Amino acid sequence: MSATCATCNSSFKTKTTLRQHQTTAHLGKSCFYTGLRAAALKQEDDKAMEALLVKANERRAGRATPKKGLFHCHWGSKHCPKKRHWYRSLSSLKRHLRTVQRKHVLEHEARRAEASVAISSRTRSRKAARLY
């Protein structure tokens, strides 16, 4: 049995690998890292967004090298579900940053959809009011 990503049509052997893909891919064009909201890419590129997230994390830490061989997420506890967490490898930190970015992308898309529904319902109300 295979599973397919609705966004990019990539095929995966199991639902678990599809779920992993969906939580760390399709990172959007706008960077939601604290303090970098204005940073945006011209087109969606997960590798470029990952590099932007890592660079922002390093800038916020004030250093590029890990402390005592551990990598720390500096996203901020208000925006990141984990508090005071360290990773043993850069790849683990990158996966975490992608996951948090993806969470923010989904929240942003949901807010935009709600706003769009609210606008369209107001427009329908106005049109109905004009008819009467």
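Caption draft 1: Local environment of the confidence of the model for the protein chain. Put simply, the protein chain has an average pLDDT of 81, and 80% of its residues get 70 or more. Confidence scores differ between elements of the protein chain, with helix α3 (residues 90-131) showing the lowest mean pLDDT of 80 and strand β2 (residues 11-12) the highest of 92.

Caption draft 2: Representation of the packing of aromatic side chains. In this structure the tally under the stated criterion is one aromatic pair. With centroids separated by 4.8 Å and ring planes inclined at 45°, the aromatic side chains of Tyr33 and Trp75 adopt a geometry described as tilted. Of this pair, Tyr33 sits in the loop between α1 (15-24) and α2 (46-61) while Trp75 sits in the loop between β3 (71-72) and β4 (86-87), and the two are 42 residues apart along the sequence. Classification of Tyr33 by relative accessible area gives buried; the value is 1%. In this structure Trp75 comes out as buried when scored by relative accessible area, which is 0%.

Caption draft 3: Main features of α1. Listed as buried for α1 are Leu18, His21 and Thr24. For α1, the angular spread of the buried residues around the axis is 145°, confining them to a single face. Taken from the residues just after α1, His26 is the one with a positive phi, measuring 60°.

Conventions we followed
- Residues numbered from 1 in each chain as written.
- Predicted model: local features only at pLDDT ≥ 70, side-chain atom pairs only at ≥ 80, totals over all residues.
- Heavy atoms only, no water.
- pLDDT = per-residue confidence, 0-100.
- Helix = DSSP H or I, 4+ residues; strand = E, 2+ residues; numbered from the N terminus.
- Phe/Tyr/Trp six-rings, centres within 6.5 Å; stacked < 30°, edge-to-face > 60°.
- Buried < 20%, exposed > 50% of the residue type's maximum accessible area, 1.4 Å probe, protein only.
- Arc of directions from axis to C-beta.

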